[in-house]
Amino acid sequence: MHSDTSHHRGELTTDRLVLRSWTTTEATAVLSATRRPADWAEDFPAEGDRVIAGLFADNPAWLGAYGHRLIVERDSGLVVGSIGLFWPPAEGVLELGYGVVASRRGLGYATEAARALTAYALTAPGVHTVVAGVELSNPASVRVLEKAGFERHHAAAAAEGVVRFRLTTSPDHMER
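The notes below deal with the structure included here. Please read all numbers here as calculations on a predicted model, not as lab measurements.

1. Section: the pattern of salt bridges
- Under the defined criterion, the tally for this structure stands at seven salt bridges.
- Here Asp-39 ties to Arg-20 by a salt bridge, and the two come within 3.7 Å at their closest N and O atoms. Of the two residues, Asp-39 is situated in the loop between helix H1 (24–31) and helix H2 (47–55) and Arg-20 in strand E3 (residues 17–21); the sequence distance between them amounts to 19 residues.
- Using a relative accessible area of 32% as the deciding quantity, one classes Asp-39 as partly exposed.
- Overall, the relative accessible area of 15% leaves Arg-20 in the buried class.
- Two residues, Arg-50 and Glu-47, come together in a salt bridge whose shortest N-O distance is 3.8 Å. With Arg-50 and Glu-47 both in helix H2 and three residues apart, this pair spans about one turn of that helix.
- The exposed category is assigned to Glu-47, whose relative accessible area is 54%.
- Each member of the salt-bridge network shares a partner with another, and the members are Arg-20, Glu-26 and Asp-39.

Rules and cut-offs
- For every chain, the first residue of the written sequence is number 1, and numbering continues from 1 along that sequence.
- Per-residue local features are limited, in this predicted model, to residues with pLDDT of at least 70; the limit for side-chain atom pairs, both in listing and counting, is 80 or more; totals at the level of whole chains, interfaces and linings are taken over all residues.
- Values reported for side chains reflect all heavy atoms of the structure, with hydrogen atoms and water molecules removed beforehand.
- The salt bridge criterion pairs a side-chain nitrogen of Lys or Arg with a carboxyl oxygen of Asp or Glu, the two atoms within 4 Å.
- For the purposes of this entry, the term helix denotes a DSSP run of H or I that reaches at least four residues, the term strand denotes a run of E that reaches at least two, and both are numbered from the N terminus.
- Relative accessibility thresholds used throughout: buried, under 20% of the residue-type maximum; exposed, over 50%; partly exposed, between the two (1.4 Å probe, protein chains only).

Right under this line is the structure:
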């Protein structure tokens, strides 16, 4: 896998995907029941995408360079999901969230996107750790994080049925 950053458009490129920042127009389209861009997979947006799009107005930093991105298949040019960082970091820690539409699950897209965005997140000033929470009832999502290099974080207090994962750049931050 290669990861390339196109600074002029805020894109991250992997072997099979482009992760590009949301625009306010796209967020509005996700929330609209009538406007559907041609470059969306048939089953995009999923419910999680609608939730995130509805929160952008209260969290404008999520539309920035270290925020949320649409997952686009390079071959088809279709939007097939979204992935994001809940900016700003808290004491050097960022939370990651992601979702891929049902028609594209099982292809490794979530893992590929998580690896690329996590590597990018760890280049942000002061960021040393990326975390994610996953419901144990979602074993596919647990595997995504494990394949992306995250480790279970047992020290974190989590709600029942949720496991916390993290990827950190420094041994100094392993116990936090």
